[in-house]
Amino acid sequence: MKQMPLNFSQLYTPCNAGELKFNSTEELEDIESILGQDRAVEAIKFGIRIHKAGYNIFAMSPAGTGKLTTIKQLVEHEASRQPVPSDWCYVNNFKQPVKPTAIELKAGQGKVFKADMEQLIDELSVAIPAAFDSDEYRSRIGEIESQSRQREINELSELRDKATNAHILLTETPGGYNFAPADENNEFITPEQFNKFDKAKQHEIQTTILELQKQLAGLLKNFLSWRKETKRKLQSLNRETAELAVNHPLDELIEKYSKQDAVLDYLRDVQVSIINHIQDFIPHNERAISFMDLPLEQNPFKRYQVNLMVDLSQKKSAPVVYEDHPNYSNLLGRIDHQAYMGSLVTDFTMIKPGALHQANGGYLILNARKILLQPYAWETLKRTLQSCEIQIESLERALSLISTSSLEPEPIPLNLKLILVGEPIIYYLLSVYDPEFHDLFKVAADFDQSMSRENNSHNYARLLATIVRSEKLKPLSQNAVARVIEHSSRMVGDSEKLFVHLRSIKDLLTEASYWAEDNGHLQITNSDVQQAIDHKIRRLDRIREKLYENIQRGITLIDVVGKVIGQANGLSVLQLGEFMFGQPSRITATTRLGNGNVIDIERETELGGAIHSKGVLILSSFIAARYSRKNPFSVAASLVFEQSYGQVEGDSASLAELCVILSSLAQIPLRQDLAITGSVNQLGQIQPIGGVNEKIEGFFDICVKLGLTGTQGVIIPASNIKHLMLRWDVVHAAQNGQFNVYAVTTVDEALELLSDMEAGITDEHGNYPADSFNGQVESQLLQFSSLRKSFSTHSE
């Protein structure tokens, strides 16, 4: 039965512009729902609304599908219904300064608390010096010091009088106190005079001096204890004065934060610290300070500051954070250092928050590929999610690379929903190789790249209107929208589908808007859209042009007229970046007597992939099952892609390979004005292949360059008809009878088209007609089988 080419209307499914009830996208409203992603949207909504451990979300789809935009919209909508979480701050731990204390406050109170502490220190910086400079304080301290001095003077006077009565003088020297003998007039006795005294007199004087020295020693000892007592009185006075200055403003804060236990504990510690370090608030006389006298702290008041880690005072709902650079520090936070006196120092005010802090109580969105590329970020993130707390620690300490002392901030409890976005391959690899992955990411949101075209043209037009408005592009006319819809089906490779890869659509509209501006159009027209499509192809098709030029010049051998035995034009697809195009390839086969082996030269030279090798094995099984059910399969065949110097993969050429083997066996020539593509199974059925539009257009372009004859065309699987969205020039050529596209469902239909003869059907005995294609193949295989038997008999 003669195969008829497809009608030109089957080669392209246009969009009926009359069904678009608008003149321009300016008339359309923005689309609110996410087009074509119902499954993914349902999964995301489920994931963000279930508040159980481990129900984090992995959103998977290729880059550019708009998943990040979709997720942000859904998460922000859900976050708007959630309360604002707590503020967090770090304060000094006065008992263990290396372990700063974390304090949780209601949203907005963190900023207030920080300001309150700053105001408290400012007030005390004035109040304390004023208290210690008051007349009352000076009077009381003068009184204490005067009493102390007067007591010492009185005791010394009493001892001096006692010595004077014994004719002994008490004198003060730079080295201390001394006793010296005196005469009746209390004048010093010289050593010469002393030596003139008799021994008894000298002994009496010496004994008196010794007794007085003992009393003086006891008195000086009392002086030390009296001075300590005076010092304690002064300290008590200082503490009393400090408490009077500190308690009033501090009591106000204690009353203000009376319901915040953590704040109250901190304020009590602040009160003790201020009183113990009261000297820091009293200004000292300005003088030159030596290097050794430099203070250990640059700012002693820094210990009373509040490090506000999370400030949600401006938020009205739960936070939504997208971290574009998710390295270890940006996720977990860090502890900074600064140079001081030749060394690096740090304190609790240098603790910096990470994305986990900012998103705590809300939602955190991360790019899976980026976090996996950052050293130790993935393991740290998992550990944090498992422990439900944020432990800030330097990477060096976490890896035990350094042992120097550093801060150990108190961990902050973690409660957030994490959404990872990444490609499907990342999700599947993590599922296989990371045993903890599914414990932490129980919800998968799978984004699609296509949607049904049926009854969705209007919604797709609204999507285009939304994009042009958000990107500030020119509006699209009705015909321009129809052309974009048609090209969308072409990009997805299916006339019944629409492409929802937002980046590709946005790029097309951006370039079309440029050409509309360049052409002086107020709106984007269909010609502007087509110019954008053509210009992009022009930018990328240099290699295709060179390959086609080689065919036109006869460097790469391709025939588009005539008939040849054991030779056919196969079709392959090359993809270079964003550009994909079809290229015809000459496939040849040779056959001879053998033992049933089909040699795939591509596989033997390690240029053929596994799928291609599988296709060759399938077609060899088909030949043996169809033609050698009763006799040995006594043929040897060789297959090759001529002038192919790279990898060959896929099974879309298995139909062409089968046809050239059968042609070589039957010695029946095949038409070279037809190219053929399709996959074949062991039952002889033709299966669909990919890139059908590019393959047809590739052979058409070669035929145009070498000259159209009207008989040329392409044979494709019938199941690929629904995928056809060919270029207009190919459709017009088919409409004018200059080019043909045939659709086949079985091997026999393809053989009839290529050979212009009947394939043949078996009779009741299972034999094919002798004058049919299959009959001649069967006849040749019988001859090979007979020859093989005769050779075996002769050998025996």
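Computed from a predicted structure; not experimentally measured.

Q: Got a minute to help me understand the overall build of the protein chain in this structure?
A: Along the backbone of the protein chain there are 26 helices and 29 strands. A globule of 796 residues ought to have a C-alpha radius of gyration of about 28 Å, yet the protein chain, at 48 Å, is considerably larger. Buried positions account for 46% of the 796 residues belonging to the protein chain. The contacts in the protein chain between residues at least 6 apart in sequence include a share of 77% that link residues at least 24 apart. Put simply, the protein chain shows about 41000 Å² of open surface, and 50% of that area lies on carbon and sulfur atoms.

Q: Just to check I follow, could you spell out the nonpolar core for this structure?
A: Soluble globular proteins tend to pack their nonpolar side chains together in the buried interior. If you look at the biggest cluster of nonpolar residues, it comprises 45 residues, and the most contacted ones within it are Ile-623, Leu-639, Ile-661 and Leu-662. Looking at this core, the elements with two or more residues in it are strand S21 (579-593), helix H21 (610-627), strand S23 (635-641), helix H22 (654-666), strand S25 (674-676), strand S29 (740-744), helix H25 (747-755) and helix H26 (773-795). Ranked by residues supplied to this core, first place goes to H22 with nine residues.

Q: What is the right way to look at the sheet that holds strand S7 (residues 320-323) in this model?
A: In sheet architecture, strand pairing relies on hydrogen bonds along the backbone and comes in two forms, parallel and antiparallel. Sheet architecture is open: five strands sit in the order S7-S12-S15-S1-S16, paired in parallel fashion. The outermost strands of the open sheet, each flanked by one partner alone, are S7 and strand S16 (443-446). Direction aside, neighbouring strands of the sheet carry axes that sit 20 degrees apart on average. With four bridges joining them, S7 and strand S12 (residues 363-367) adopt parallel strand pairing. In the strand pairing of S12, Val-320 is matched with Tyr-363. Relative to the sheet, helix H13 (residues 424-433) contacts strand S1 (57-60), strand S15 (417-422) and S16, its axis offset from that of S1 by approximately 135 degrees.

Q: Help me understand the pairing of strand S2 (residues 87-91), please; the structure alone is not making it clear to me.
A: The side chains of a regular strand alternate between the sheet's two faces. Of all five residues in S2, five are buried, a share of seventy percent or more. The alternating pattern of S2 places Asp-87, Cys-89 and Val-91 on one face and Trp-88 and Tyr-90 on the opposite face, and all of these are buried. The sheet contact formed by S2 and strand S3 (residues 101-105) spans five bridges and is antiparallel. Looking at S3, one finds that Cys-89 is bridged to Ile-103. Bridge analysis of S2 against strand S6 (residues 307-310) gives three bridges, and the strand direction is antiparallel. If you follow Tyr-90 over to S6, its bridge partner there is Asn-307.

Q: Got a minute to help me understand the confidence of the model for the protein chain in this structure?
A: In low-pLDDT segments, the atomic positions of the prediction should not be examined closely. Put simply, the protein chain has an average pLDDT of 89, and 97% of its residues get 70 or more. Predicted confidence is poor over residues 286-294, with pLDDT under 50, and the contacts of this stretch with residues over four places away or in other chains come to three contacts.

Q: Help me understand the packing of aromatic side chains, please; the structure alone is not making it clear to me.
A: By convention here, two paired aromatic rings are described through the distance between centres and the angle between planes. The tally for this structure, following the rule as stated, stands at 19 aromatic pairs. For the pair Phe-46 and Tyr-55, a centre-to-centre distance of 6.2 Å together with 80 degrees between the ring planes defines the contact as edge-to-face. By relative accessible area, Phe-46 is classed as partly exposed at 44%. The partly exposed category is assigned to Tyr-55, whose relative accessible area is 25%. Judged by centre distance (5.5 Å) and plane angle (75 degrees), the ring pair of Tyr-427 and Phe-437 falls under edge-to-face. Separated by ten residues along the polypeptide, Tyr-427 in helix H13 and Phe-437 in helix H14 (residues 437-440) bring together distant segments of the chain.

Q: What should I look at first to understand the pattern of salt bridges in this one?
A: Where charged atoms of side chains with opposite charge meet at close range, the side chains can pair. As enumerated under the stated definition, the model contains 33 salt bridges in all. Where Glu-379 meets Lys-382, a salt bridge forms, and the shortest distance between an N and an O atom there is 3.2 Å. Of the two residues, Glu-379 and Lys-382 both sit in helix H11 (residues 377-387), three residues apart, roughly one turn of that helix. Glu-578 serves as the salt-bridge partner of Lys-536, at 3.1 Å between the closest nitrogen and oxygen. Of the two residues, Lys-536 sits in helix H18 (residues 526-540) while Glu-578 sits in the loop between strand S20 (567-576) and S21, which places them 42 residues apart along the sequence. Shared partners join several salt bridges into a network, and the residues in it are Arg-490, Glu-694, Glu-697, Asp-701, Arg-727 and Asp-729.

Q: Looking at this structure, how should I read a negative patch on the surface?
A: Together, Glu-118, Asp-122, Glu-123, Asp-251, Glu-252 and Glu-255 give the surface a local cluster of negative charge. Among the elements of the structure, helix H3 (109-132) and helix H6 (199-256) are those that each provide at least two residues to the negative patch. By relative accessible area, Glu-252 is classed as partly exposed at 45%.

Q: Sorry, what's going on with unusual backbone geometry here?
A: Only a minority of non-glycine residues have a phi that is not negative, and only a minority of peptide bonds are not trans. Phi is positive for Asn-455, which is not a glycine, with a value near 60 degrees. Structurally, the position occupied by Asn-455 is in the loop between strand S17 (450-452) and helix H15 (457-470). Of note in the backbone geometry, Lys-472 takes a positive phi value of approximately 60 degrees without being a glycine. By the element assignment, Lys-472 lies in the loop between H15 and helix H16 (478-492).

Q: Explain the sheet that holds S23 here, please?
A: Pairing in this open sheet of seven strands is mixed, and the strands run S22-S23-S21-S20-S25-S28-S29 from one edge to the other. Each end of this open sheet is capped by a strand with a single partner; those strands are strand S22 (598-600) and S29. Ignoring which end each strand starts from, the neighbouring axes of this sheet average 30 degrees apart. As defined by bridge partners, strand S28 (residues 713-717) adjoins S29 across five bridges and the pair is classed as parallel. When the bridges of S29 are listed, Val-714 appears paired with Val-741. On top of the sheet, helix H23 (residues 692-706) reaches S20, S21, S25, S28 and S29; it is set at about 80 degrees to S21, its chief contact.

Q: Sorry if this is basic, but what is going on with a nonpolar patch on the surface here?
A: Nonpolar side chains collect at one region of the surface, where Tyr-376, Leu-399, Leu-401 and Ile-402 lie side by side and expose about 380 Å² of accessible area between them. Position of Ile-402 among the secondary structure elements: in the loop between helix H12 (395-398) and strand S14 (412-413).

Q: In this structure, what is going on with the packing of H22 against H25? I would like to understand it.
A: Any two packed helices are characterised by how steeply their axes cross, that is the angle between the axes, and by the distance between the axes. Packing of H22 against H25 leaves a shortest axis separation of 11 Å and a crossing angle of 60 degrees. With respect to their mutual orientation, H22 and H25 come out oblique. H22 and H25 meet at a crossing whose hand is right-handed. Residue-level inspection shows Leu-655, Leu-658, Cys-659 and Leu-662 of H22 in contact with H25, the latter providing Val-747, Ala-750, Leu-751 and Leu-754. Its residues placed into classes, the contact of H22 with H25 shows eight nonpolar, no polar and no charged.

Q: Which parts of the structure should I look at to understand H23?
A: Turn by turn, an α-helix covers 3.6 residues, leaving residues three or four places apart pointing in a common direction. Along its 15 residues, H23 runs 22 Å from first to last C-alpha, staying within 8% of the 21 Å computed at 1.5 Å per residue. With respect to burial, H23 is a largely interior element, twelve of its 15 residues being buried. Taken together, the buried positions of H23 are Val-692, Asn-693, Glu-694, Lys-695, Ile-696, Glu-697, Gly-698, Phe-699, Phe-700, Asp-701, Ile-702 and Cys-703. Gly-707 lies just past H23 and shows a positive phi near 110 degrees.

Q: Would you mind showing me how to read the environment of Ser-652 here?
A: Checked against the element boundaries, Ser-652 lands in the loop between S23 and H22. What makes Ser-652 buried here is its relative accessible area of 16%. In the structure, Ser-652 is positioned 115 residues away from Ile-537 in sequence and 25 Å away in space, judged by C-alpha atoms. For Ser-652, the contacting residues outside a window of four places in its chain are Leu-571, Thr-677, Gly-678, Ser-679, Ile-689 and Lys-695. Side-chain polar atoms of Ser-652 contact the side chain of Lys-695, separated by 3.0 Å.

Q: Sorry if this is basic, but what is going on with the pairing of S23 here?
A: For S23, a buried count of seven out of seven residues is recorded, marking the element as mostly surrounded by other parts of the structure. Going residue by residue along S23, you find Val-635, Ala-637, Leu-639 and Phe-641 tucked away on one face and Ala-636, Ser-638 and Val-640 tucked away on the opposite face as well. Sheet topology note: the S21/S23 ladder contains seven bridges and is antiparallel. Each residue of the ladder has a partner; that of Ile-587, found in S23, is Phe-641. In this structure, S22 lies alongside S23, joined through three bridges in parallel fashion. Across the sheet, Val-598 pairs through a bridge with Ala-637, a residue of S23.

Definitions and limits used
Residues numbered from 1 in each chain as written. Predicted model: local features only at pLDDT ≥ 70, side-chain atom pairs only at ≥ 80, totals over all residues. Heavy atoms only, no water. Helix = DSSP H or I, 4+ residues; strand = E, 2+ residues; numbered from the N terminus. Rg over C-alpha atoms; globule rule 2.2 N^0.38 Å. Buried < 20%, exposed > 50% of the residue type's maximum accessible area, 1.4 Å probe, protein only. Contact = heavy atoms within 4.5 Å. Areas by Shrake-Rupley, 256 points an atom, 1.4 Å probe, with all protein chains shown as cover. Core = buried A, V, L, I, M, F, W, Y, C linked by side-chain atoms within 4.5 Å. Pairing = 2+ DSSP bridges. Axes fitted to C-alpha atoms, helices over the stretch in contact; angles between N-to-C directions. pLDDT = per-residue confidence, 0-100. Phe/Tyr/Trp six-rings, centres within 6.5 Å; stacked < 30°, edge-to-face > 60°. Salt bridge = Lys/Arg side-chain N within 4 Å of Asp/Glu carboxyl O. Patch = residues over 30% accessible without salt bridge, like charges linked within 9 Å, V, L, I, M, F, W, Y side chains within 5 Å. Lys, Arg positive; Asp, Glu negative; His and termini not counted. Charge placed at Lys NZ, Arg CZ, Asp CG, Glu CD. Parallel < 35°, antiparallel > 145°, perpendicular 65-115°, else oblique. Left-handed = near helix turned anticlockwise from the far one by under 90°. Nonpolar A, V, L, I, M, F, W, Y, C, P; charged D, E, K, R; others polar. Expected span 1.5 Å × (residues − 1). Polar contact = N/O pair within 3.5 Å; in protein donor to acceptor, adjacent residues only side chain to side chain.

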